[in-house]
Each structure stands twice: as C-alpha cells, then as structure tokens.
Amino acid sequence: TWYRLPVVKVPTHKPTIREQPRDRIFATLDAKFTGVVARVQEAHALGQPVLVGTWRIDDSERLAERLREAGIPSMVLNAQREAEEATIVANAGEVGAVTVATNMAGRGTDIRLSGDALSRGGLLVIATERHDERRVDRQLFGRSGRQGDPGRAETFVSLEDELIKGHGARPLAFLARRSAGPIRDLVGSVLWPLAQANASRKWRIHRADAAKSAAWHDKALHHITR
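Here the structure is a predicted model, which means the values were calculated and not measured.

S.K.: Hey, could you run me through the side chain of glutamate 129 in this one?
M.R.: With respect to the secondary-structure elements, glutamate 129 resides in the loop between β5 (123-127) and α5 (134-141). Among the polar contacts made by the side chain of glutamate 129, one reaches the side chain of arginine 56 at a distance of 3.1 Å. The contacts of glutamate 129, once residues within four sequence positions are left out, are Lys32, Trp55, Arg56, Asp59, Asp137, Phe156, Val157, Asp161, Glu162 and Leu163.

S.K.: Explain the sheet that holds β5 here, please?
M.R.: Hydrogen bonds between backbone groups are what pair the strands of a sheet, and the pairing can be parallel or antiparallel. On the basis of which strands lie adjacent, the open sheet formed by six strands has the order β1-β6-β5-β2-β4-β3 and parallel pairing. Strands with a single pairing partner mark the edges of an open sheet, and in this sheet they are β1 (24-26) and β3 (75-77). Across the sheet, the mean angle from the axis of one strand to that of its neighbour is 20°, orientation sign disregarded. Pairing of strand β2 (residues 50-54) with β5 involves four bridges; the strand directions are parallel. Bridged to valine 50 within β5 is leucine 124.

S.K.: How do you make sense of the packing of aromatic side chains when you look at a structure like this?
M.R.: Pairs of aromatic rings are described using the distance from one ring centre to the other and the angle between the two planes. Under the definition given, this model contains one aromatic pair. Arranged with centres 5.9 Å apart and planes meeting at 10°, the rings of phenylalanine 26 and phenylalanine 156 form a pair that is stacked. Of this pair, phenylalanine 26 sits in strand β1 while phenylalanine 156 sits in strand β6 (residues 151-158); the two residues are 130 residues apart in sequence, bridging distant segments of the chain. In this structure, phenylalanine 26 and phenylalanine 156 share a single accessibility class: buried. Of note, lysine 32 hangs over the ring of phenylalanine 33, and the distance from its end group to the ring centre comes to 5.4 Å.

S.K.: Can you help me understand the pairing of β2 in this one?
M.R.: Side-chain positions along a regular strand alternate between the two faces of the sheet. Extensive coverage of β2 is indicated by the burial of five of its five residues. Of the two faces of β2, the one holding Val50, Val52 and Thr54 and the one holding Leu51 and Gly53 are both buried throughout. Strand direction decides the pairing type here: β2 and strand β4 (residues 98-102), joined by five bridges, are parallel. Looking across to β4, one finds that valine 50 is bridged to valine 98.

Each value, and the rule that gives it
Residues numbered from 1 in each chain as written. Predicted model: local features only at pLDDT ≥ 70, side-chain atom pairs only at ≥ 80, totals over all residues. Heavy atoms only, no water. Helix = DSSP H or I, 4+ residues; strand = E, 2+ residues; numbered from the N terminus. Polar contact = N/O pair within 3.5 Å; in protein donor to acceptor, adjacent residues only side chain to side chain. Contact = heavy atoms within 4.5 Å. Pairing = 2+ DSSP bridges. Axes fitted to C-alpha atoms, helices over the stretch in contact; angles between N-to-C directions. Phe/Tyr/Trp six-rings, centres within 6.5 Å; stacked < 30°, edge-to-face > 60°. Buried < 20%, exposed > 50% of the residue type's maximum accessible area, 1.4 Å probe, protein only. Lys NZ or Arg CZ within 6 Å of the ring centre and 35° of its normal.

This is the structure in structure tokens:
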C-alpha cells in the first residue's frame, strides 16, 4: 500500500492442517470467559497443550485467576513477565501445558511440541477477542499448526468486546443481542468482519496522516538546514 510494489505470496513449507471452526459468540464478557475456561478444562483433561490469547494485560491476569479457581495451573506471558518469557515459551508445547498470553508477548518465537503433545492434537490456540486488524488474529492463530503439525485455533467473542462497542454496526449488534443460536452466528458472521473493516480503515487513515506529517517535517527540516 505504502510503497506501491508488487507482492508475492510465499507458500508454507508444509501444508497447513490446522483446524479453525467458526467463532463462538457470547452475549457478555463474563459468559465468554466462562466458556473459555470450560474449553480449556476440556482440552487440559486430554493433555492437549493450550495457548490462550488476550488483547490486554489485565485480561490475561483475570483469565489466569479464573483458571486457577477452576483447578487448572497456567503460566502467564505478558509485558509484566519478560524475564520468564523464554522459559514459558519453551514449556508451552508440553502435554497439559496451559499458557495465557497477550498478543504481543512471545511473538516471533516457535512453540515446539513434544511427541506426546502431537499425538494429542497439537497446540490448541484460543483467541478471546477479535482484534482491530485481521493480521493480528492471523499471527496468533499461526502459533498453532506450524510446519505441518496438527493444531486447532478457536475464537471466543462477545457482544461486549471493545471491537464491537467501538466499531460494530449498531443495528447488527442489536439484532445479535436479540437472537441466539444459528441466527446469532449468522449475524455475527457479518458483524465482526464489518467491525474489523471499520477499525482497519480508521487506523489506515491514521497511518497515512502520520506518514504525511513525517514527510512534511523532513521537508521543512531540510529547508531550514540548507
């Protein structure tokens, strides 16, 4: 977009076999976190390693506390625990490991799966919210199913999420709150992509304005120093 250059899509080294079902939609934040805890319990009972992604640090701490209350030990990976990052990532692919992380924490590092973890379905990634930019979602999902490994990525969202409150179409959000089951899923299949498109457009405008401001600043500075 910025440099007006052609883009080449490079295929993955091995075919991706990661499973990615449709988003699970909840009415409230509390109901969503309850659903996430229940899903982690289910996977943990099978020994499948789980990585739960959150948008904010306080959400990661809050979810880890709820997991502890449910009797599930977990490691928290966020900006407040940088010193422990390498150890947490190194153990995140072990059987029964549960890791709660913000979307930026540990990014760019590979979660290696043990042989037993591979046989139990590989890494389960649970996203607790859709982000303003779809690329951030893809970065989180891409932690699972790397190099042809088995894996699964699931998304839990609620109508109280910041994305919907800030960028969601109000008529669609109202309809989703008034519906349930397949109808809510149908509305949600439009509501969330539209909200992400609105948010992405907003940030694209901000980036363009920042680029113009920087160019003007450089030009003015060059003129002054001549």
